[in-house]
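Each chain, written out:
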Amino acid sequence: MKIFLPISMLIFFTWGCKKVLTNFDINDSQPQIVVEGLVTDSATVHYVRLSYSADFYSAEKTKYIDNASVYISDNQGFTDTLKYDTNGYYRTGKWAGIPGNTYYLDIYSNNIHVSAADVMPASFGFKADSISILYKEKAPTFNNYGQYNFGNIRYIFPGDSVFNVQFSGKFDGERPSYYRADLYRNTYKYSNPNTFFLFNTIVLEGYISKIDIPGTYIASDTVNILIYRVSAASFYYYASLRQLNIYEGGIFSSPSGNPVNNIKGSALGFFEAARVKKHFQMLR
Amino acid sequence: MITNTFYAWAQEKFKISGAILSSKDSKPVPGAAIQILPSHTMPANDNGTFDFYVTKGINVLKISHVGFKVRLQTFNISQDTSIIVFIEEESILTNEVEIKNSNAIRSEDLGINSLNISQVKKLPSFLGEPDILKIIQFMPGVISAGEGSSAFFVRGGNADENLILLDNAPIYDPSHMLGLFSIFNADIVRSAEMHKNGMPSSYGGRISSLLDVKTNDGNMEKYAGNATLGLMAAKLYLNGPIIKNKLSFAASARRSYVDNLIGIAHRLLPAISTQNSLYFYDLNAKLKYNLNQKNTFTFSVYSGADQVVIGENADVKWGNSFASLMWKVDINRKLQMNSGLVASRFGFDLAFVNGNQNFTWTNQVNEYNLRQDYTYNLKSNQAIKFGFISSYRSISPATYKPLTKGSIINSVEIPTNYSTENAVYLSHNLTVKKWQFDYGFRFSMFTTLGNYNDIIYADPQELILPKVAKVNQYSSFEPIKSFTTPEPRINVGYNFSPNTALKASYNRMAQYIQQVISGITPLPVSFWLPSSTYIKPSVGDNFSLGFTHKLPYNIETSFEAFYKNRTNTIDFVDNAVTFLNPDVITQIRSGTSKAYGAEVFISQASEKLNWNISYTWSKAERNIMGINNDKTYFAPFDRRHSIAALATYELNKKWNFGLSWSFATGRPITLPSGTYQFQQYAVNYITERNGYRMPDYHRLDVSANYKPNPKASWKWYSEWNFSIYNVYNRFNAFAIYTQPTFNSNDQNTNSGNNQAVMLYLFTIVPSISYTVKF
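Every value quoted in this text rests on a predicted model; they were computed, and no experiment measured them.

Peer 1: Sorry, what's going on with the overall build of chain A here?
Peer 2: The helix and strand tally for chain A stands at two helices and 20 strands. Burial statistics for chain A: of 284 residues in total, 55% are counted as buried. A separation of at least 24 residues holds for 71% of the contacts in chain A among residues at least 6 apart in sequence. Of the roughly 12600 Å² that chain A leaves accessible, carbon and sulfur atoms contribute 51%.

Peer 1: Could you clarify how one ought to interpret the confidence of the model for chain A in this entry?
Peer 2: Residues and elements named next belong to chain A. Per-residue confidence for chain A gives a mean pLDDT of 80; residues scoring 70 or more make up 79%. Contacts from residues 1-15, a stretch scored under 50 in pLDDT, to residues over four places away or in other chains number 50 contacts. Throughout residues 142-153 the model reports pLDDT below 50, and contacts reaching past four residues in sequence, or to other chains, amount to 26 contacts.

Peer 1: What is the right way to read the confidence of the model for chain B from this model?
Peer 2: It should be kept in mind that the predicted coordinates are not to be read in detail where pLDDT is low. Residues and elements named next belong to chain B. Chain-level pLDDT for chain B is 85 on average; 89% of the residues reach the 70-or-more range. Averaged pLDDT values over the elements of chain B bottom out at 56 in strand E3 (residues 40-43) and peak at 97 in strand E13 (residues 169-170). Counted against residues more than four places away or in other chains, residues 1-10, with its pLDDT under 50, gives 34 contacts. This model gives residues 91-97 a pLDDT under 50, and the stretch forms 26 contacts once residues within four places in sequence are excluded. For this predicted complex, the interface confidence score (ipTM) comes to 0.87, while the overall pTM stands at 0.83.

Peer 1: I tried to follow the pattern of salt bridges on my own but got confused; where do I start?
Peer 2: Oppositely charged side chains can pair when the atoms bearing their charge come close. All names here are of chain B. Tallied over the entire structure, the rule returns 33 salt bridges over all chains. Here Arg155 ties to Glu599 by a salt bridge, and the two come within 2.6 Å at their closest N and O atoms. You can see Arg155 sitting in the loop between strand E11 (152-154) and strand E12 (162-166) and its partner Glu599 sitting in strand E38 (residues 588-605), a full 444 residues away along the chain. For the pair Arg155 and Glu599, a shared accessibility class is recorded, and that class is buried. In this structure, Arg190 and Asp217 form a salt bridge, with 3.5 Å as the shortest nitrogen-oxygen distance. One end of the pair, Arg190, is in strand E16 (residues 189-195); the other, Asp217, is in the loop between strand E17 (209-215) and strand E18 (224-229), and 27 residues separate them in sequence. Ionic contacts of the salt-bridge type, sharing partners, join the residues Lys121, Glu129, Asp187, Lys235, Arg254 and Asp282 into one network.

Peer 1: What's the story with helix H2 (residues 232-245) of chain A in this structure? I'm lost.
Peer 2: Every α-helix carries 3.6 residues per turn, so stepping three or four residues along brings you back to the same face. Spanning 14 residues, H2(A) covers 20 Å between terminal C-alpha atoms, matching the ideal 20 Å at 1.5 Å per step. Judged by how many residues are buried, H2(A) sits mostly within the fold: eleven of 14 residues are covered. Those residues of H2(A) not exposed but buried are A:Ala232, A:Ser234, A:Phe235, A:Tyr237, A:Tyr238, A:Ala239, A:Ser240, A:Leu241, A:Gln243, A:Leu244 and A:Asn245. Of the surrounding elements, those touching the buried residues of H2(A) are strand E14 (178-185), strand E16 (197-200), strand E18 (222-230) and strand E20 (268-282) of chain A together with strand E44 (674-678) and strand E45 (681-685) of chain B.

Peer 1: Please clarify how the sheet that holds strand E6 (residues 69-74) of chain A should be interpreted in this entry.
Peer 2: Residues and elements named next belong to chain A. The strand order E7-E6-E10-E11-E19 describes an open sheet built from five strands, whose pairing is antiparallel. Either end of the sheet is taken by a strand with one partner, and the two such strands are strand E7 (79-81) and strand E19 (263-264). Pairing between strand E10 (residues 102-109) and strand E11 (residues 112-119): eight bridges, direction antiparallel. Bridging from a neighbouring strand, Tyr104 pairs with Ala117 of E11.

Peer 1: Teacher, can you tell me more about the packing of aromatic side chains here?
Peer 2: Aromatic ring pairs are reported here in terms of the distance separating the ring centres and the angle at which the planes meet. Residue and element names in this part refer to chain B. Following the criterion strictly, the structure yields 50 aromatic pairs over all chains and no others. With a centroid separation of 5.8 Å and 90 degrees between ring planes, the pair formed by Tyr725 and Phe762 is classed as edge-to-face. Of this pair, Tyr725 sits in strand E48 (residues 717-725) while Phe762 sits in the loop between strand E50 (755-760) and strand E51 (765-773), and the two are 37 residues apart along the sequence. One exposure class covers both Tyr725 and Phe762, and it is buried.

Peer 1: Honestly, the nonpolar core in this entry has me stumped. Any pointers?
Peer 2: A general feature of soluble globular proteins is that nonpolar side chains tend to end up buried together. Residue and element names in this part refer to chain B. In terms of nonpolar packing, the biggest core is built from 58 residues, with Phe181, Phe348, Trp361 and Leu529 touching the most fellow members. It is strand E24 (residues 335-352) that provides the largest number of residues to this core, a total of four residues. With 32 residues, the next largest nonpolar core counts Ile136, Ala192, Tyr302 and Phe601 among its residues.

Peer 1: Just to check I follow, could you spell out the sheet that holds E45(B) for this structure?
Peer 2: Paired through backbone hydrogen bonds, the strands of a sheet run either parallel or antiparallel to each other. With antiparallel pairing, the three strands of this open sheet are ordered in space as E4(A)-E44(B)-E45(B). Two strands in the sheet have a free side with no partner beyond their single neighbour: strand E4 (54-55) of chain A together with E45 of chain B. Relative to E45(B), E44(B) runs antiparallel, the two sharing five bridges. When the bridges of E45(B) are listed, B:Gln677 appears paired with B:Ala682. Contacts between H2(A) and the sheet are confined to E44 and E45 of chain B, with E44(B) contributing the most and set at about 135 degrees to the helix.

Peer 1: How should I be thinking about the side chain of A:Asp74 in this particular structure?
Peer 2: All names here are of chain A. On the secondary structure map, Asp74 appears in strand E6. No salt bridge is formed by the buried Asp74; the nearest opposite charge belongs to Arg275, separated by 14 Å. From its side chain, Asp74 meets the backbone nitrogen of Gln76 in a polar contact 2.7 Å long. There is a polar contact of 3.2 Å between the side chain of Asp74 and the side chain of Asn101. Excluding residues within four positions of it along the chain, Asp74 makes contact with Asn101, Thr102, Tyr103 and Tyr104.

Calculation notes
- Residues numbered from 1 in each chain as written.
- Chains lettered and ligands numbered in written order.
- Predicted model: local features only at pLDDT ≥ 70, side-chain atom pairs only at ≥ 80, totals over all residues.
- Heavy atoms only, no water.
- Helix = DSSP H or I, 4+ residues; strand = E, 2+ residues; numbered from the N terminus.
- Buried < 20%, exposed > 50% of the residue type's maximum accessible area, 1.4 Å probe, protein only.
- Contact = heavy atoms within 4.5 Å.
- Areas by Shrake-Rupley, 256 points an atom, 1.4 Å probe, with all protein chains shown as cover.
- pLDDT = per-residue confidence, 0-100.
- Salt bridge = Lys/Arg side-chain N within 4 Å of Asp/Glu carboxyl O.
- Expected span 1.5 Å × (residues − 1).
- Pairing = 2+ DSSP bridges.
- Phe/Tyr/Trp six-rings, centres within 6.5 Å; stacked < 30°, edge-to-face > 60°.
- Core = buried A, V, L, I, M, F, W, Y, C linked by side-chain atoms within 4.5 Å.
- Axes fitted to C-alpha atoms, helices over the stretch in contact; angles between N-to-C directions.
- Lys, Arg positive; Asp, Glu negative; His and termini not counted.
- Polar contact = N/O pair within 3.5 Å; in protein donor to acceptor, adjacent residues only side chain to side chain.

Structural data, given as structure tokens:
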């Protein structure tokens, strides 16, 4: 838990100031294939998304790969050929991943073969038993307006009551186990990688009570939490993504680099096989 | 190192021998400088005696020493002569002896610089706190980590490769407030000497440099001291006799008071919480006891710490403490012994509370040393030194535990490791005609000990869930692994003339403990790891070649070139998990590093104006398998060019001024060359480590010191110090990072609006302090 990093930052940012460097020269780079894939134990349509990386200052939108051949199979002989949808998405048929199976991904694009494998955890190992709401404050009347803007349903106005949401649960499976969570306020996904919600049994143990989840909410919001039990490789991939995103230039943190992934064939991204449980709570 | 110069002239020569004594108490004045005008200079031995050869006829001797008036004595030599010379003490109002005609940074010898503390205090300082670690960064070949950092890098070596001693005690974290200030209170510091090209045979354990800091001995005659009030801290320094001419003390205290100002700030701006606190303190004390003319004891202690309190959530404390007992014996006229016993500690302690996510996090280093050093003066032109040092260390890298019973935090511990490090050495220095030789040999041995469970991994480079193949258990003091390293040290010099010398050196140094530093700047949580199954001792070979020349008008110049290579350099893999990771070994890779460069140093000292300028060109690279795609990359402290200038000017007895200017090309950083989208995130794509450079760094500081009543007859006098840090308000980059822009839904969508952002710490910072000296 990098508690000391914020303490260090507290001291330096007391004095520190920021300046955007408009003329900072950054080299161009060769486009790399980016793979993003998720298979879960939920009976649904799963996906793989393919795109290319771009130059740092590139003004172009993300370039998607729409002409690849994409296959998902498992160690029990199952195979599915994914069909291209839109915006780089390739979708499976509707089926549920089987816990304990190993899932393989094969991609053929422009004479390049990229592959990956991940093992879907056999058990879930965490039982969330409650989501509680904690009153935080009245939205302040100065300078933080818009700070709580999250989701397009409604802006938060000064004077609105805002809430934190907490959940509680218990680890009840084998150790170690690794988890990540996707958070939604109504239909919008909370997507700031500075606060990837990750937890595991290395740091936490037993019955965990009232863990704060990122985000702030108002009455009439619905909070959706998807908790994924993931492999250790997936957990460390997301942890590295978070570290990459908060990299402050190497003063206090270890050197930054591309996260270690499970893709073979010089591609970026990750192919994940995970178990998922969904929880939701309406704030009244 | 003996700097005696011995010339074999064709003329008839006679021996002159004797002693330099104080006129006050007839005691020997060790180390007094004896100059045979116009140019030959040598120091008196540690017991104030000397002998050398001079030509027949009229000879003028000039004898000088800190705290004494210069004495000129003329002799007409026609046979071997024995003399006694008495020199008179200068009037000392305070314990501070001002050395004029001397720069803040002096070049003592090849690769050796020292600080003149009285001149250092005249130089500009950040928030009015003279800081020797900041001034050291102006030495040629010494690189700073950056703005607001006390970490320094010597000739391409890492921050943990510098052995920092305070009264012979090793200091593991010499900084306060994460590097804004150092632990060295300039009021009590007597001397600071930096050996950049390795160190003498009597020292070891670090590859790059030795910074040897000594505190003042108390005045044996009268009481003196000073009190200072500055913007950041208040200080008090006292010294004097306990038993006249027998037992003296020196003590200092310093405490910052930012935390006290928070209360005042809260009344002006209630949003500032009074529950936050931030302060540091230092306490130094020293006793010196002259048992008799031959036996002297000194006992020095230090305690200092930082504390940060953030509301009710966090309470962090870290600091150093040590006790050092030294015994100096003049066994006879030729043989001297120094014995020392040292206990030193660094500790870090964090308590964090956030509901049921509460924990404590600690780390600690304890070291105990016993050493004995002998100096045998064979003749005036040669001496033999020998001795040993034995150290015992316990290092607890990280212990992370629940604070209360209901905490959901799991315990994580990087186990405590124990080790001994022993060394014996022998050296000989000799001056023959125009040649000077100082060569020696050090043999060091390092052993890790139980109580310890030595983990053997199936694959020690597995980053995710490394599998443990077996665990070897060792009981207390049972040897686990031993390493030995022979360390030759050779320095050779040739004096073309009294003003011109050429010198070369080679030193091999072994380092058995390395600091796990995540970034470029060590933090209090940065811990030390011993050599072990997976981390081998790092061994460095340092070469240097230098040329010194004195010009008229007291201008000194020197040029030095150096080359250094090091085996078993460690570095982290990308995005390494370093905090609280019991398998942190798996995040480390080792390889080789090398550094080379050249330094030019010019200085002039005079009655009123003292200045020096240095320029360093250097390059530092690493080659470590598993990092940067196995390709060579720049070390994080590599700076191609650096320039440093210092100057002090004494306008009159009331006013003196100081100036410092530094320039350095930017250090390497890792930045992305591309970007890609993963889920809704815009992610940086990195192509190489340390492939970019920060903007160049330069900064001008000025100071003015004012003594309203400088007359020596007053029992006390006051002094004002005015400083301006960063006079032309340059925004020097502290860090550069990249960030995407976020849309109104707090989502970044790789929209092509990526930015490089610079973080800078300080703009123009004026300061003022007031000192009373008595």
